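Summary of structural features
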Amino acid sequence: MEHQQRSQGRLSPSSDTEDMVMLLAPRLAYFAGVARTEHVTRAAQEMDVPQSTLSRAMVRLEQDLGVDLFARIGRTVSLTPAGRTFLGSVERALGEIRRAADEVRADADPETGKVAFGFLHTMGSETVPGLIRAFRADHPRVRFSLVQTYGEAMIERLRAGELDLCLTSPVPDAPDLVARRLDEQKLRLVVPTDHPLAARRRVRLAEAAEESFVTLEPGYGLRRITDDLCQEAGFKPRIAFEGEEAETLRGLVAAGLGVALLPPPAFPRPGVVELTVTAPRAAREIGVAWLDGHPDTPPVAAFKQFLLSRRGNLLP
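Heads up: these notes are all about the structure in this document. (Residues numbered from 1 in each chain as written. Predicted model: local features only at pLDDT ≥ 70, side-chain atom pairs only at ≥ 80, totals over all residues. Heavy atoms only, no water.)

Let us look at the overall build of the chain. In terms of helices and strands, the chain carries 10 helices and 13 strands. Taking 20 Å as the expected radius of gyration for a compact globule of 316 residues, we find that the chain reaches 31 Å, considerably beyond that expectation. Expressed along its principal axes, the backbone C-alpha trace of the chain runs to roughly 95 × 45 × 35 Å. Counting over 316 residues, the chain shows a buried share of 43%. The long-range share in the chain, meaning contacts at least 24 apart out of those at least 6 apart in sequence, stands at 74%. Taken as a whole, the chain presents about 16900 Å² of accessible surface, with 49% of it coming from carbon and sulfur. Between the centroid of the 40 positive side chains of the chain and the centroid of its 43 negative side chains there is a distance of 4 Å. (Helix = DSSP H or I, 4+ residues; strand = E, 2+ residues; numbered from the N terminus. Rg over C-alpha atoms; globule rule 2.2 N^0.38 Å. Buried < 20%, exposed > 50% of the residue type's maximum accessible area, 1.4 Å probe, protein only. Contact = heavy atoms within 4.5 Å. Areas by Shrake-Rupley, 256 points an atom, 1.4 Å probe, with all protein chains shown as cover. Lys, Arg positive; Asp, Glu negative; His and termini not counted. Charge placed at Lys NZ, Arg CZ, Asp CG, Glu CD.)

Given below as structure tokens:
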């Protein structure tokens, strides 16, 4: 059979690409099987489909493309030049599908699956490593994809399906999310060692009303909490510097560039004094959030349950 263009093809060169993919995709594995065996009956037996179904699928595929893919002699077939070109791309596409299927099955495996877990920068040095170590005592082969970022970006990635779970603060309240409060972390007013308040152990936040503050950038949960606490204390903070990481802010405080409201450090930082804030009550809630209605794989379900079991005992 000579290679020729079919006048009765269903798809014209101007056909929408998405429509073409929807028409062709179900038949690609059939095409690859026939091309591999060069025999319709043998291919049907190997793929465990009726021969008539396979034959019709190949005819329809050629009609949809408007191109002869096979030269036929009885039930034996051979690829035309167009068929050989098409086969190379089909085999690559099917290979990608197989790899994708293997990957998602591996990620969902109860023993060796993967959890995409987001958390705040301030929880990266101690809290999250400790949590994962404790979880892996019973689930030693579960893998983690870790994302360390600020609250708003974390929620966006959760909604986009890039994260399974996240630890965040404040605990979000949104109709498309499920959130559970896990713990509370006290905040301290951090001042330089030579600051007039450094000799104190406790302070009312209003006493820092005239100070310059160093804070996280807008969009960070701790920045929103700082603004709210200062407002509750009766003033709007005068912002001298904005950063992206709590320990950088401590360094700025140590350099005498301002004061900051921060959670306790993982390790004592020289050059600063951390004061207990007596009024207003300075603390932030830490919670876990996930997308409502999003089905969990077994490893994600196990880690979610583990986090919920740590309620009130999350922080080191």
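Mapped onto the fold, Thr 193 is located in the loop between strand E7 (188–192) and strand E8 (202–204). As for Thr 193 and Val 115, which are separated by 78 residues in sequence, their C-alpha atoms are 42 Å apart. Setting aside chain neighbours within four positions, we find Thr 193 in contact with Ala 198, Gly 271, Val 272 and Val 273.

In the contact formed by helix H3 (residues 40–47) and helix H4 (residues 51–65), the axes pass within 9 Å of each other and the chain directions differ by 115°. Here H4 runs roughly perpendicular to H3, going by the angle between their axes. Viewed along their axes, H3 and H4 form a crossing whose handedness is right-handed. Residue-level inspection shows Val 40, Thr 41, Ala 43, Ala 44 and Met 47 of H3 in contact with H4, the latter providing Gln 51, Leu 54 and Ser 55. Considered class by class, the residues forming the contact of H3 with H4 number five nonpolar, three polar and no charged. (Axes fitted to C-alpha atoms, helices over the stretch in contact; angles between N-to-C directions. Parallel < 35°, antiparallel > 145°, perpendicular 65-115°, else oblique. Left-handed = near helix turned anticlockwise from the far one by under 90°. Nonpolar A, V, L, I, M, F, W, Y, C, P; charged D, E, K, R; others polar.)

A word on unusual backbone geometry. Cis geometry marks the peptide bond from Ser 169 to Pro 170, where omega comes out at -5°. With respect to the helices and strands, the residue Pro 170 is situated in the loop between strand E5 (165–168) and strand E6 (177–186). Phi is positive for Glu 38, close to 55°, though the residue is something other than glycine. Along the chain, Glu 38 falls in the loop between helix H2 (28–37) and H3. The residue Asp 48 is not glycine, and still its phi comes out positive at about 55°. In this fold, Asp 48 is placed in the loop between H3 and H4.

Another point: the packing of H2 against H3. Relative orientation of the contacting elements H2 and H3 amounts to 125°, with a least axis distance of 8 Å. It follows from the interaxial angle that H2 and H3 lie oblique. Crossing angle aside, the handedness with which H2 passes H3 is right-handed. Seen from H2, the contacting residues are Ala 29, Tyr 30, Gly 33, Val 34, Arg 36 and Thr 37; seen from H3, they are Val 40, Arg 42, Ala 43, Glu 46 and Met 47. For the contact of H2 with H3, the class distribution of residues is six nonpolar, two polar and three charged.

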